[in-house]
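Tertiary structure, described
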Amino acid sequence: EMKGMTRVEVRKLKDGTRGWVTMQGNHGKLYLSLYTTYTDFNKGFEKVISTAKIDAAKATEYINAKSKELSRCEKGPLVEARAELSKLRPKVSVLSTKLDTLRMRIDECKRDHNKREDFERRKAEDKKDRKAAALILKAIREKVEAAEASVKALEEVAAPLTSDDISGVADPIAVREGAEKAAGDLEAPIADAKACLSAHEGKVAKAAKGAWFDAKKDMKLMNQRIVVTANKVTEIIQAVQAGCEALAEAKIGQVAAALRHSIQTGGSSTEELFAKLSDSEDRISEAALSRHLETLPNLSLSVAHRRLLFQAANAGGVSRRSFFDMVERYYKCVKDIAITTGFDIKSSSTLRKLEVDEFVEVLEGPQSDTTLGVMRIRARALSDGKAGWVTATGNHGTPFLQEMPRPCLYAAAPVSLQDGFVGEDSSEVRAVKANEVLELLEGPRKEVVGTAMRAKGKALSDGVVGWFTVKSKHGIDHVQPGKSTYTCMSSIALTDSIDIKNCKVVRKLSKGEGLTVLEGPVEDEKTSVPRIRAKAALDGAEGWVTVRGNAGSVYAEETGRQMVVCRAMTMHADFASDSKTVRSLADEEVLEILEGPEEEASEAPVRARVRALHDGKVGWVTVQDRNLLPWSPNYRCVAATPMHDAHAVESAMVLRRLDVGEEVELLQGPRVEEGLGVMRFRGRAAKDGLIGWVTIAGNAGKPFLKCIPPE
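Residues numbered from 1 in each chain as written. Predicted model: local features only at pLDDT ≥ 70, side-chain atom pairs only at ≥ 80, totals over all residues. Heavy atoms only, no water.

**Concerning a nonpolar patch on the surface**
A surface patch of nonpolar side chains, about 250 Å² in accessible area, is lined by Val21, Tyr31 and Leu32. With respect to the element layout, Tyr31 can be found in the loop between β2 (18-24) and α1 (37-69). For Tyr31, a relative accessible area of 48% gives the class partly exposed. (Patch = residues over 30% accessible without salt bridge, like charges linked within 9 Å, V, L, I, M, F, W, Y side chains within 5 Å. Areas by Shrake-Rupley, 256 points an atom, 1.4 Å probe, with all protein chains shown as cover. Salt bridge = Lys/Arg side-chain N within 4 Å of Asp/Glu carboxyl O. Helix = DSSP H or I, 4+ residues; strand = E, 2+ residues; numbered from the N terminus. Buried < 20%, exposed > 50% of the residue type's maximum accessible area, 1.4 Å probe, protein only.)

Shown next, in the form of structure tokens:
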């Protein structure tokens, strides 16, 4: 029976009732045993021989008792009776012995019979078990074969996308949907086969030999067939998906080539085309891109292939990143190779060597050089903008370049986006927020810098002392020469005229007072002593002072010069330009040099030209202290966070929570959510394919998602 139990129809001898009874359960428990004539004979024999043995024992006991009673009789009839009893004792003994011998012979015969009966029973049970096992195996085999037959039907449906040549598939999405439906229909037959097999496993679990052991081996083989069938379904669906992706990639390649050609011939850029086709959501709708593709010459794309293209690109249109990845092609150098002036290697000159890990943007090609058997592209090196022809693949298949997505960086910390390569002389375009994504357009490369000149000085306006930059490392002057300063070496008069003999004393200058030269030194014609017109630092009094007497006495000595700030800057506490800030210095401030100027050596900053993925702003950033890191569109959840159905958190509905360790692929963004001031992006969860908006980090800096570095 299907549940693995053995059942039999019976009639009760007691009252003639008929019905079905379980003889043996599906775990082997026995409920009924067979009744035979032999069993009935044994019961009767045991009864007869037991009675005879009892009677013999009673007779012996009686003879022994009476003989004891008559043992004292010496004459008379009782003596004769005693003699007769003595004659009976051997007869009873012989009878008892015969009974024992008969029992032994019967027991031996029973053992022989039991052996024959056991053999016949085992033979009959084996026959019965084989018949029962055959019925069970037949039921399982039918279900397994039904599932295998359905797999063949799935193979036929999926054949267009699993064959070697898929270029002629007219409607790949219809084929994929048909295969997915056939695979869904296969779930029930496979489940039925598994359930049927599981229902009978208990019957054979403990079998070590015989029919059920053979059935156990057959069931194991059929279980393997079920597993193979289920795996085959998975493999077919994966092959169908791979076929769709391969066909989509081929169509995307055709579309990308057509778009690149239209951009080059039209004299526009990828950015301009995206801006023309995109909507307010920073995406190109399917309708807009379809209309544009219809205008491109030499591009024939069916409706079905167009559907496939948009499904491969992104749900609901084409994002900025997907569009740029489609149109622009980039390679990374994996083996040093020359950049040459022309396509023909023999007649070209080398511009420079392309080094390992450098990125290049494809401008033309790839084209095959049939003479040398190599594949060449015309490309622009991102590091320095050098353009020329490069060999992508050698004539022995050696790869020099490997195709890669556009290199991007993400801001690990806020950085300044500036309008020029030289950071010191550039203006800020805007501030880049942490976790923003930047497309690399040029660089990274070092600025060409010299050594800065630093001096220690005192601001005359408030007497604050500190270090400032005289000339920057880029050769830009921050101060201009000012006036000389003198210090009184002894008490001397400040007069109103250069003529010592015809002048009035303004006041007496004390030893140590500071003077700022306004004019001179000028020699007094009458006394031949050098005089300066100066301004007293103490009270601002102006007048003439004798620097040195005609006998050589020094009254005032030049102790420094002043500098005038011509470019606003910062005064620092120490010599190093990155030391603690004392205060800002404004244009036209006057500084008195106390020490220096001295050279300050500095490392050239590394700069990169980038385009912000969020708003398309282009500018230069400084790459330092891991402030900008390589970016990939894949993120890993590091703290549980909700996934919403919209960008604005306040009005959005939670779709579900992302668990720690889950991965999310960026589809759109990231961009600032103005309400909370956090960076959010629209992504697809790898776990279940759910699409929604997620937050990269909270407004207090707590990270929810971490970018997975590109391979």
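Back to the text.
**Let's talk about the packing of helix α3 (residues 172-185) against helix α5 (residues 210-266)**
Contact geometry of α3 with α5 gives a least axis separation of 10 Å together with a crossing angle of 170°. When the interaxial angle is binned, α3 and α5 end up roughly antiparallel. The handedness of the crossing between α3 and α5 comes out as left-handed. In this structure, α3 uses Pro172, Arg176, Ala179, Glu180 and Ala183 to contact α5, whose residues at the interface are Val233, Ile237, Val240, Gln241, Cys244 and Leu247. (Axes fitted to C-alpha atoms, helices over the stretch in contact; angles between N-to-C directions. Parallel < 35°, antiparallel > 145°, perpendicular 65-115°, else oblique. Left-handed = near helix turned anticlockwise from the far one by under 90°. Contact = heavy atoms within 4.5 Å.)

**Some words on the pattern of salt bridges**
The tally for this structure, following the rule as stated, stands at 39 salt bridges. Note that Arg329 and Glu403 form a salt bridge whose closest N and O atoms lie 2.9 Å from each other. Placement of Arg329 in the loop between α9 (320-327) and β5 (330-333) and of Glu403 in strand β11 (residues 401-404) is noted, with a sequence separation of 74 residues between them. With a closest N to O distance of 3.9 Å, Asp477 and Lys471 form a salt bridge. Overall, the relative accessible area of 34% leaves Lys471 in the partly exposed class.

**Some points on the nonpolar core**
Membership of the largest hydrophobic core comes to 37 residues, with the highest contact counts inside it found for Ile140, Leu154, Trp212 and Val233. Mapped by element, the contributors of at least two residues to this core are α2 (77-162), α3, α4 (187-204) and α5. Counting 22 residues, the second largest nonpolar core, distinct from the first, contains Leu259, Ala288, Phe310 and Val318. (Core = buried A, V, L, I, M, F, W, Y, C linked by side-chain atoms within 4.5 Å.)

**A look at empty space enclosed by the protein**
One pass over the full model with this rule turns up 1 cavity of 30 Å³ or more. The wall of the largest cavity is formed by Asp282, Ser319, Arg320, Arg321, Leu613, His614, Leu667, Gln668, Gly669, Pro670 and Arg671. Counting only elements with at least two residues in the lining of the largest cavity, the list comes to α9 and β34 (663-673). Residues of the lining of the largest cavity, tallied by class, amount to 3 nonpolar, 4 polar and 4 charged. (1 Å grid on protein atoms, 1.4 Å probe; cavity = no way out; pocket = protein on both sides within 12 Å on 5 of 7 lines; lining within 4 Å. Points joined across faces, edges and corners; volume = space filled by probe spheres on them. Nonpolar A, V, L, I, M, F, W, Y, C, P; charged D, E, K, R; others polar.)

**Some words on the state of the cysteines**
Overall, the coordinates contain 0 disulfides when judged by the stated rule. There is no disulfide at Cys408, and the cysteine sulfur nearest it, in Cys707, is 9.8 Å away. Among the residues examined, Cys408 registers a relative accessible area of 11% and is labelled buried. (Disulfide = S-S within 2.5 Å.)

**Comments concerning the packing of helix α6 (residues 270-277) against α9**
The geometry of α6 relative to α9 is characterised by a closest axis approach of 11 Å and an angle of 135° between their N-to-C directions. Relative to α9, the element α6 lies oblique. α9 is crossed by α6, and the crossing has right-handed handedness. Of the residues in α9, those in contact with Thr270, Glu271, Leu273 and Phe274 of α6 are Arg320, Phe323, Phe324 and Val327. Residues of the contact of α6 with α9, tallied by class, amount to 5 nonpolar, 1 polar and 2 charged.

**Comments concerning the side chain of Ser67**
Along the chain, the position of Ser67 falls in helix α1. Only 2.8 Å separates the side chain of Ser67 from the backbone oxygen of Ile63, close enough to count as a polar contact. With residues up to four places along the chain from it excluded, the contact list for Ser67 reads Arg82, Leu85 and Arg89. (Polar contact = N/O pair within 3.5 Å; in protein donor to acceptor, adjacent residues only side chain to side chain.)

**Overview of the environment of Asn435**
For Asn435, the position within the fold is in the loop between β14 (428-432) and β15 (437-446). For Asn435 and Ala258, which are 177 residues apart along the polypeptide, the C-alpha to C-alpha distance reads 34 Å. Leave out the neighbours within four places in its chain, and Asn435 touches Tyr410, Ala411, Pro670, Met679, Ile696 and Ala697.

**Points about the side chain of Thr546**
Turning to its location among the elements, Thr546 is positioned in strand β23 (residues 542-546). By relative accessible area, Thr546 is classed as buried at 9%. In this structure the side chain of Thr546 is engaged in a polar contact, spanning 2.9 Å, whose partner is the side chain of Arg531. For Thr546, the contacting residues outside a window of four places in its chain are Ile492, Ile500, Val529, Pro530, Arg531, Tyr555 and Ala556.

**Brief notes about α6**
Every buried residue of α6 is listed here: Thr270, Leu273, Phe274 and Leu277. Projection of α6 onto a plane perpendicular to its axis shows the buried side chains occupying an angular sector of 100°, all on one side. In the core, the buried residues of α6 are packed alongside α5, β3 (283-284), α7 (286-294), β4 (318-319) and α9. (Arc of directions from axis to C-beta.)

**Looking at the packing of aromatic side chains**
One pair of aromatic rings is described through two measures. These are the centre distance and the angle between the planes. Under the criterion given, the structure shown has 8 aromatic pairs. On the numbers, 5.7 Å between centres and 45° between planes, the contact of Phe274 with Phe323 is tilted. You can see Phe274 sitting in helix α6 and its partner Phe323 sitting in helix α9, a full 49 residues away along the chain. Taken as a pair, Phe274 and Phe323 share a single burial class, namely buried. Measuring from centroid to centroid gives 5.3 Å for Trp467 and Phe575, while their planes differ by 90°, and the two rings are edge-to-face. With Trp467 in strand β17 (residues 465-471) and Phe575 in the loop between β25 (569-572) and β26 (581-585), the pair connects residues that are 108 residues apart, well separated along the chain. Overall, the relative accessible area of 8% leaves Trp467 in the buried class. Positioned over the ring face of Phe421 is Arg445, at 4.6 Å from the centre of the ring. (Phe/Tyr/Trp six-rings, centres within 6.5 Å; stacked < 30°, edge-to-face > 60°. Lys NZ or Arg CZ within 6 Å of the ring centre and 35° of its normal.)

**Side note on the pairing of strand β28 (residues 606-612)**
Burial analysis of β28 places 5 of its 7 residues in the buried class, the great majority of the element. Pairing of β15 with β28 involves 6 bridges; the strand directions are antiparallel. Bridging from a neighbouring strand, Lys446 pairs with Val606 of β28. Pairing analysis gives 6 bridges linking β28 to strand β29 (residues 618-623), with the strands arranged antiparallel. Paired with Arg607 across the two strands is Thr622, which belongs to β29. Where β28 hands over to β29, the hairpin turn is made up of 5 residues, of which Gly616 adopts a positive phi near 80°. (Pairing = 2+ DSSP bridges.)

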